Amino acid sequence: MKKLLVASVVSLACLGSSKAGTWTTIDFPGTGSYSEALGISYTNAFGISGDNIVGYYKYGATHGFVYARTTYTTLDYPGSAVTAAYGISGSNVVGVYGDAFGSSSAFFYDGTTYGSLNVPGEPHGISDGNIIGFYRNSSTGGISSFFYNGGTWVALDAPGTTSTVAYGVSGNNVVGYCRGDI
């Protein structure tokens, strides 16, 4: 059974009324059309902080990006074949980068410099220097989450569950979902 791990104060609902807000399409330039030579192209958004949105787009290779209202900036971890950005807080971005053989690592980008993160899986959220994410737990066969404070990381597993997946963080508060009996 899939259950929400933590309820958020803000919820998103798709209602057929004027209260649904304004919807904006985000397509990295050039990804809106199909190219047989390059394969299918697309844009995925994952994180938001103020007016900045991060994600990744596929146009030939997979590249991370930051979208700031009208400007797109490509994020490519130096020497990598693939980069995907998942979380943003201010100008700090977290995500994964990988080689052409499928091996991947976590990264941190401060708006100027890239660095590798020594965490056990994929970081998906960042807030006040705290980073959360998840990884395949070879001991349990499920998914475990982690909380990283810039120096050490700790596993996050909701008691009585088979998988705990953390997606967002604000300060020390974490949201995500879990599977199993709670």
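Whatever comes next refers back to the structure up there.
Along every chain, residues carry numbers that run from 1 in the direction the sequence is written. Under the rules for a predicted model, residues below a pLDDT of 70 receive no local features and side-chain atom pairs below 80 are neither given nor counted, while totals for whole chains, interfaces and linings still include all residues. Side-chain calculation: all heavy atoms of the structure are included, whereas hydrogens and water are not.

Tell me about the overall build of the chain, and please be specific about residues and values.
Within the chain, the secondary structure is distributed over zero helices and 15 strands. In the chain, buried positions account for 38% of the 182 residues. Counted over contacts in the chain with a minimum sequence separation of 6, partners at least 24 positions apart contribute 32%. Carbon together with sulfur atoms contributes 53% to the accessible area of the chain, which is approximately 10500 Å² in total. Helical segments are the DSSP runs of H or I of at least four residues, strand segments are the runs of E of at least two, and each set is numbered from the N terminus. Residue exposure (1.4 Å probe, protein chains only): buried if accessible area is under 20% of the type maximum, exposed if over 50%, otherwise partly exposed. Any pair of residues with heavy atoms lying within 4.5 Å of one another is described as a contacting pair. Shrake-Rupley sampling with a 1.4 Å probe provides the accessible areas, and residues are treated as covered by the protein chains on show and by no other component.

Tell me what's going on with unusual backbone geometry, and back it up with residues and numbers.
Positive phi is not limited to glycine here, since R69 has a value of about 60°. Within the element layout of this structure, R69 appears in the loop between β4 (61-68) and β5 (71-75). For D128, which is not glycine, the phi torsion reads 50° and is therefore positive. Looking at the secondary structure, you find D128 in the loop between β10 (122-127) and β11 (130-136).

For the sheet that holds strand β13 (residues 153-156), give the residues involved together with the corresponding values.
Judged by pairing direction, the sheet is antiparallel, and its four strands sit side by side in the order β10-β11-β12-β13 without closing on themselves. Where the open sheet ends on each side, the last strands, each with one partner, are β10 and β13. Strand-to-strand twist of the sheet, defined as the mean angle between neighbouring strand axes without regard to direction, takes the value 25°. Whether two strands pair comes down to DSSP finding at least two bridges between them. Two strands pair when backbone bridges link them, and β10 and β11 are joined in this way by five bridges, in the antiparallel orientation. For S127, the partnering residue across the bridge sits in β11 and is N130. Orientation is described by lines fitted to C-alpha atoms, with helices fitted over the stretch in contact, and by angles between N-to-C directions that extend from 0 to 180 degrees.

Any details on the side chain of T83? Residues and values, ideally.
Mapped onto the elements of the fold, T83 is located in strand β6 (residues 82-89). Within the local environment of T83, its side chain forms a polar contact with the backbone nitrogen of Y77, the two atoms lying 2.9 Å apart. Leave out the neighbours within four places in its chain, and T83 touches Y56, T62, H63, G64, L75, D76, Y77, V96, Y97 and F107. Definition of a polar contact: a pair of N or O atoms within 3.5 Å, with one able to donate and the other able to accept a hydrogen when the atoms are protein atoms, and with sequence-neighbouring residues admitted only if both atoms are side-chain atoms.

Any details on the nonpolar core? Residues and values, ideally.
Here, nonpolar core means buried Ala, Val, Leu, Ile, Met, Phe, Trp, Tyr and Cys residues that are tied together by side-chain atoms lying within 4.5 Å of each other. Counting residues in each nonpolar core, the largest one holds 10 residues, listed as V54, V66, L75, Y77, A85, I88, V93, Y97, F107 and Y109. Only β6, β7 (92-98) and β8 (104-109) provide two or more residues apiece to this core. Dropping the residues within four chain positions of it, V54 is found in contact with A45, F46, G47, F65, V66, A85, Y86, G87, I88 and V93. With nine residues, the next largest nonpolar core counts V94, A106, I126 and I131 among its residues.

Can you break down the environment of G111 residue by residue, with the values?
Counting through the fold element by element, G111 comes out in the loop between β8 and β9 (114-117). Sequence separation of G111 and N92 is 19 residues, and the distance between their C-alpha atoms is 6.2 Å.

Break down the pairing of strand β15 (residues 173-180) for me, citing the residues and quoting the values.
With eight bridges joining them, strand β14 (residues 161-170) and β15 adopt antiparallel strand pairing. Bridge pairing links V169 to V174 in β15. Connecting the antiparallel pair β14 and β15 is a turn made up of two residues, with G171 showing a positive phi of about 65°.

Break down the packing of aromatic side chains for me, with residues and values.
Pairing of aromatic rings covers Phe, Tyr and Trp, the last through its six-membered ring, and needs centres within 6.5 Å; plane angles under 30 degrees mean stacked, over 60 mean edge-to-face, and all others mean tilted. Tallying each qualifying case throughout the model produces 17 aromatic pairs. Consider the rings of F46 and Y56, whose centres lie 5.5 Å apart with planes at 20°: the pair is stacked. With a gap of 10 residues between them, F46 in strand β2 (residues 42-49) and Y56 in strand β3 (residues 52-59) connect regions that are remote in the sequence. For F46, a relative accessible area of 42% corresponds to the partly exposed category. Residue classification places Y56 among the buried residues on the basis of a relative accessible area of 15%. When the ring of Y67 is compared with that of Y72, the centres are 4.5 Å apart and the planes differ by 40°; the resulting orientation is tilted. Through a chain of ring-to-ring contacts, three or more aromatic side chains come together here, namely F28, Y57, F65, Y67 and Y72.

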